[in-house]
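In case you want the letters, here they are:
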Amino acid sequence: LKVCVLGLGYIGLPTAAVIARTGAKVLGVDVHQSVVDTVNSGKVHIEEIDLDGLVSGVVARGSLRASLNVEQADVFVIAVPTPFGENHAPDIGFVLKAATNAAIVLKAGDVVILESTSPVGTTEKVAELLASLRPDLKIPGHCVGVADVAIAYCPERVLPGRILVELIDNDRVIGGITPRCARKALQFYRRFVRGACVTTTAKAAEMTKLTENAFRDVNIAFANELSLVAEKMGVDVWEVIRLANRHPRVNILSPGPGVGGHCIAVDPWFLVSAAPEQTPLIRTAREVNDGKTDYVIGHAAAMIESNPAARVACLGLAFKANIDDFRESPALKVAAALAQRFGERIQIVEPYANALPATFDGTGAELIDVDSAIESCEIFVVLVDHDVFKSVPLDERADKLVYDTRGIWPDQPRLAGGEPLRLAS
Ligand code: SAJ
């Protein structure tokens, strides 16, 4: 079996490597020469647990290679980005470009699968495009009788940090332009997926993916809203959530400094932009989560202003715990805003960074380690729940003024009535 994976990013590269491990001959295609060169040398350009070993193995065996150009294959997997542009409208330009490239080499019997998170209807647009580019082929949805190729949508659902495990173990939703397309795509996923593979229509599969991430966003927004209410009431929100979650049908997520990453903070907008009138809840959840970041900036700034002599440690820049991914990170946004405003009073602790990102240039903020922060800083703003932060014992931080946006230190002393604003001495 020959497989061509278009897009060698966070999803495409692990997917290509996992398929190559099954013995298929995989060509990974990317628009960046540097990515192509890195993969061909058996290395990886992204951080993901165990990915480097897997890629070097399959490249050395000749099962995976990379190129700038698409070649003939039996299965095409499109895993390119779908960013959003002006007014949160999704941009499927990269998907259409990838499909256009595949169209050149497409032949009867091939399967084309879109994995990129996409607005509902995108797979049908891909079919339409292929029909217009290849009038010599019978394209599903655009022909009578049995089509020459199969076209399906199968969203990725993997969690960064667990990608290689979840690619195999998670259930997959496979949506075909026709039921026959879904069955063809199913045969392909059965090669490497241990989870259940369920088939449906392309549109239902597209909406399912968006729904999963919107569900999580709405639930995080609920937790973030609760954190504001609890603060106003002078109640510990973490305590309330812990207690409420003892109810058998309640499962509240964790508040934080906002929602980051490239999925949960983006995908709900695909639903909102497609059906603005029908999505007040999903839109508001997005606004609540983005608003929480601004709230945290304001609250931390007030603490810092009230203690003009204190030095401040911002703990974490990553968009979530125990990863080195800083894209769309609310922690980074908060730390950068504080550094812009308070300059060299701000120290950054991020064990997953070798240097501070460029947004800190000229602010005077410095990257330090946890021990230096404990020695030199009086105010701690906890922005990421990295395990290394959680393990700092109370006796090393009892005298600190702490703004813990992630609730990692439930034993931290608090003044009655909520967060203390001023250092005792
Ligand atoms: N977060 C909270 N509170 C929580 C949970 C998360 O504030 O209780 C924050 C995180 O700190 C982070 C953001 O939300 O900033 C997103 O983190 P996440 O762990 O919820 O999700 P991602 O973006 O790493 O991955 C999600 C996953 N989707 C779901 O869980 C429904 C993953 O399965 C998807 O494959 C991925 O999006 C994707 O690519 O769409």
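Residues numbered from 1 in each chain as written. Predicted model: local features only at pLDDT ≥ 70, side-chain atom pairs only at ≥ 80, totals over all residues.

1. Observations concerning helix 1 (residues 12–21)
Phase 1: Counting buried positions along helix 1 gives nine out of ten residues, so the element sits mostly inside the fold.
Phase 2: What helix 1 keeps buried is the set G12, L13, P14, T15, A16, A17, V18, I19 and A20.
Phase 3: G23 sits one or two residues past helix 1 and shows a positive phi near 105 degrees. (Buried ≥ 20, exposed ≤ 12 C-beta atoms within 10 Å, placed from the backbone. Helix = DSSP H or I, 4+ residues; strand = E, 2+ residues; numbered from the N terminus.)

2. Structural notes on the domain arrangement of the chain
Phase 1: The domains assigned to the chain are domain 1 (2–195) and domain 2 (235–404).
Phase 2: For domain 1 and domain 2, the distance between their C-alpha centroids amounts to 34 Å.
Phase 3: The partner domain 2 presents twelve residues to the ten residues of domain 1 that form the contact.
Phase 4: The class makeup of the residues in the side of domain 1 that touches domain 2 is six nonpolar, three polar and one charged. (Domains from an automatic or database assignment. Contact = placed C-beta atoms within 7 Å. Nonpolar A, V, L, I, M, F, W, Y, C, P; charged D, E, K, R; others polar.)

3. Let's talk about unusual backbone geometry
Phase 1: Despite not being glycine, N322 shows a phi value in the positive range, around 60 degrees.
Phase 2: Inspection of the secondary structure assignment puts N322 in the loop between strand 9 (312–315) and helix 12 (330–342).
Phase 3: Here N322 falls in the partly exposed class, since 13 other C-beta atoms lie within 10 Å of it.

4. Re the sheet that holds strand 3 (residues 64–67)
Phase 1: Taking strand neighbours across the sheet as the criterion, the eight strands line up as 3-2-1-4-5-6-7-8 in an open arrangement whose pairing is mixed. With one partner strand each, in any of the chains shown, strand 3 and strand 8 (197–201) form the two edges of the open sheet. Pairs of neighbouring strands in the sheet enclose a mean axial angle of 25 degrees, with direction left out of account.
Phase 2: For strand 4 (residues 75–78) and strand 5 (residues 111–114), the ladder comprises four bridges, and the chain directions are parallel. Note on strand 5: the bridge partner recorded for V77 is I113.
Phase 3: This element, helix 2 (residues 33–40), spans strand 2 (25–29) and strand 3 of the sheet and lies at about 160 degrees to strand 3.
Phase 4: Along the sheet, helix 4 (residues 93–105) makes contact with strand 1 (2–6), strand 4 and strand 5, crossing strand 4 at roughly 165 degrees. (Pairing = 2+ DSSP bridges. Axes fitted to C-alpha atoms, helices over the stretch in contact; angles between N-to-C directions.)

5. Notes on the sheet that holds strand 10 (residues 346–349)
Phase 1: Strand order in the open sheet formed by five strands is 11-10-9-12-13, and the pairing between neighbours is parallel. The open sheet terminates on both sides in strands that have one partner only, identified here as strand 11 (366–368) and strand 13 (401–404). When the angles between neighbouring strand axes are averaged without regard to direction, this sheet yields 25 degrees.
Phase 2: As paired elements, strand 12 (residues 379–382) and strand 13 share four bridges and run parallel to each other.

6. Considerations on the site of the ligand
Phase 1: Close contacts around the ligand come from 20 residues, with L253, S254, G256, G261 and C263 the closest.
Phase 2: Residue classes in the shell around the ligand are distributed as nine nonpolar, six polar and five charged.
Phase 3: Split by domain, the shell around the ligand shows at least three residues from each of two domains, domain 1 (2–195) and domain 2 (235–404). (Near = placed C-beta within 6 Å.)

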